[in-house]
Amino acid sequence: MSTLTRKMIEIPINEIKGIDRMFERQAEVDLENMPKKYASLVQKTREIAFSNFRIKGVFASNMLVECRQNENEVLLENEIKIYSKMMPILFEKSTEVVFYAITVLGYLEEEKKEKNFMEQFFLDAWATSFAETASSWLRKHISDMVAEDGWYSTSAWSPGQHGFSLENQKSLFQVLKPEEIGLTLSDTLMMHPHKSVSGVFGIGREKDERKIIPCDYCDLRESCPSAYQADDE
Ligand code: SF4
């Protein structure tokens with residue numbers, strides 16, 4: 001039986017670290033030195049976000065049956081498959097795969113209200129910041145929880161990143177059934193609401209000293225505001 005049975009969680013926004021810093025990266029602003037004409041809008045949208053957004057998450061682990069590096073696939077219990085060039089490498093020392101997803105609720109309702117362009121822009125940046133930092137919070141929450149029982153975690157990857165196609169959202173949704181937290185998948189494999197993050201990471205008893213991080217393989221790394229930074233940990 002796998003270590004983590006499926007669990008839904010309301011993510012405590014006051015425990016999430018780095019929302020403001022992520023907002024600065026997303027909106028390309030310095031909160032300490034904002035031009036006056038934007039400062040009040042940033043503050044207003046921040047208050048809207050912190051008062052009205054809620055974040056829900058869901059996670060579960062599945063036993064790893066076999067990493068088939070030559071076939072670019074990983075076989076899990078219940079005949080769940082991950083199709084990927086990278087995942088058989090990432091999971092080399094793992095014995096289970098953790099699936100997780102988070103979604104920011106309340107943003108779509110705010111997005112529909114009449115706002116000027118900059119207000120909409122800042123609100124969008126807050127929602128993205130909530131999604132990115134909440135997914136890091138959930139990954140750490142799960143890793144810390146299993147670490148108490150002597151499990152190590154790999155880095156996390158999301159469908160659509162290098163060598164891990166979007167097609168894998170299907171397996172992820174099959175395992176997580178995130179519809180129950182209001183998160184659905186379209187025919188084109190897009191998540192709705194769109195301020196959502198899904199991903200996988202491996203866990204195992206043997207520590208893996210390698211750091212296999214998706215941003216290190218990504219052409220967008222130089223310009224991407226969500227790119228991994230060492231001080232994010
Ligand atoms: S650099 Fe940005 S787009 Fe590329 S993998 Fe990292 S977070 Fe994703």
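The structure under discussion appears in the preceding block.
Here the structure is a predicted model, which is why all the values come from computation and not from measurement. (Residues numbered from 1 in each chain as written. Predicted model: local features only at pLDDT ≥ 70, side-chain atom pairs only at ≥ 80, totals over all residues. Heavy atoms only, no water.)

**Q** Lay out the overall build of the protein chain in plain terms, naming residues and giving numbers.
**A** In terms of helices and strands, the protein chain carries 6 helices and 9 strands. On C-alpha atoms alone, the protein chain measures out to a radius of gyration of 18 Å, which is about the 17 Å that the 2.2 N^0.38 rule sets for 233 residues. By residue count, 47% of the 233 residues in the protein chain fall in the buried class. Considering only intrachain contacts with a sequence separation of at least 6, the fraction spanning at least 24 residues in the protein chain is 75%. Accessible surface, the protein chain: about 12,300 Å² in total, of which carbon and sulfur atoms supply 49%. The distance from the centre of the 28 positive side-chain charges to the centre of the 38 negative ones in the protein chain is 2 Å. (Helix = DSSP H or I, 4+ residues; strand = E, 2+ residues; numbered from the N terminus. Rg over C-alpha atoms; globule rule 2.2 N^0.38 Å. Buried < 20%, exposed > 50% of the residue type's maximum accessible area, 1.4 Å probe, protein only. Contact = heavy atoms within 4.5 Å. Areas by Shrake-Rupley, 256 points an atom, 1.4 Å probe, with all protein chains shown as cover. Lys, Arg positive; Asp, Glu negative; His and termini not counted. Charge placed at Lys NZ, Arg CZ, Asp CG, Glu CD.)

**Q** Pulling in residues and values, what's your account of the nonpolar core?
**A** Of all hydrophobic cores here, the largest spans 40 residues; its most connected members are Ile-11, Phe-53, Ile-55, Phe-130 and Leu-138. At the level of secondary structure, the elements contributing two or more residues to this core comprise α1 (19-27), α2 (36-52), β2 (54-68), β5 (96-105), α4 (107-112), α5 (117-147) and β9 (196-204). At 12 residues, α5 tops the list of elements feeding residues into this core. Apart from the residues within four sequence positions on either side, Leu-138 is in contact with Ile-9, Ile-11, Gly-57, Val-58, Phe-59, Tyr-100, Ala-101 and Ile-102. Core analysis: the second largest hydrophobic core is formed by 25 residues, Leu-90, Ala-101, Phe-164 and Phe-173 among them. (Core = buried A, V, L, I, M, F, W, Y, C linked by side-chain atoms within 4.5 Å.)

**Q** Residues and numbers for helix α6 (residues 169-176), please.
**A** Extensive coverage of α6 is indicated by the burial of 6 of its 8 residues. Among the residues of α6, those classed as buried are Gln-169, Ser-171, Leu-172, Phe-173, Val-175 and Leu-176. The inward-facing, buried residues of α6 abut β2, β4 (81-83), β5, β7 (184-185), β8 (191-192) and β9. Just downstream of α6 lies Lys-177, where phi reads positive at about 45°.

**Q** Describe in detail the environment of Pro-12, supporting the description with residues and values.
**A** As for its placement among the helices and strands, Pro-12 is situated in the loop between β1 (7-10) and α1. The spacing of Pro-12 and Val-42 is 30 residues in sequence and 22 Å in space, taken between C-alpha atoms.

**Q** Describe the side chain of Ser-61, naming the residues involved and giving the relevant values.
**A** For Ser-61, the location among the structural elements is in strand β2. Owing to a relative accessible area of 2%, Ser-61 belongs among the buried residues under this scheme. A distance of 2.7 Å separates the side chain of Ser-61 from the side chain of Glu-96, its partner in a polar contact. Setting aside anything within four residues of it in sequence, one finds Ser-61 in contact with Ser-2, Thr-3, Leu-4, Glu-77, Glu-96, Val-97 and Val-98. (Polar contact = N/O pair within 3.5 Å; in protein donor to acceptor, adjacent residues only side chain to side chain.)

**Q** Tell me what's going on with the side chain of Ser-84, and back it up with residues and numbers.
**A** For Ser-84, the location among the structural elements is in the loop between β4 and α3 (87-90). The exposure class of Ser-84 is buried, given its relative accessible area of 4%. Within polar-contact distance, the side chain of Ser-84 engages the backbone oxygen of Gly-163 at 2.5 Å. Contact partners of Ser-84, with chain neighbours within four places excluded, come to Asn-72, Glu-73, Gly-163 and Phe-164.

**Q** Give me the lowdown on the pattern of salt bridges, citing residues and values where you can.
**A** Oppositely charged side chains are able to pair whenever their charged atoms sit close together. One pass over the full model with this rule turns up 16 salt bridges. Of the charged contacts in the structure, one is a salt bridge between Glu-119 and Lys-44, with a shortest N-O distance of 3.0 Å. Highlighted residues: Glu-119 in helix α5 and Lys-44 in helix α2, separated in sequence by 75 residues. Overall, Lys-44 belongs to the partly exposed group, its relative accessible area being 42%. Among the charged side chains, a salt-bridge network with shared partners connects Glu-66, Arg-68, Glu-73 and Lys-81. (Salt bridge = Lys/Arg side-chain N within 4 Å of Asp/Glu carboxyl O.)

**Q** Describe the packing of α2 against α5, and please don't skip the residues or the numbers.
**A** It is the contact of α2 with α5, at a shortest axis distance of 9 Å, that shows an interaxial angle of 45°. Between α2 and α5, the angle is such that the two are oblique. In the crossing of α2 with α5, the sense of the turn from one axis to the other is right-handed. Contacts between α2 and α5 pair Tyr-38, Leu-41, Val-42, Lys-44, Thr-45, Arg-46, Ile-48, Ala-49 and Phe-50 from the former with Met-118, Glu-119, Phe-122, Leu-123, Trp-126 and Phe-130 from the latter. (Axes fitted to C-alpha atoms, helices over the stretch in contact; angles between N-to-C directions. Parallel < 35°, antiparallel > 145°, perpendicular 65-115°, else oblique. Left-handed = near helix turned anticlockwise from the far one by under 90°.)

Without other data, these values stay purely geometric and don't point to any function.
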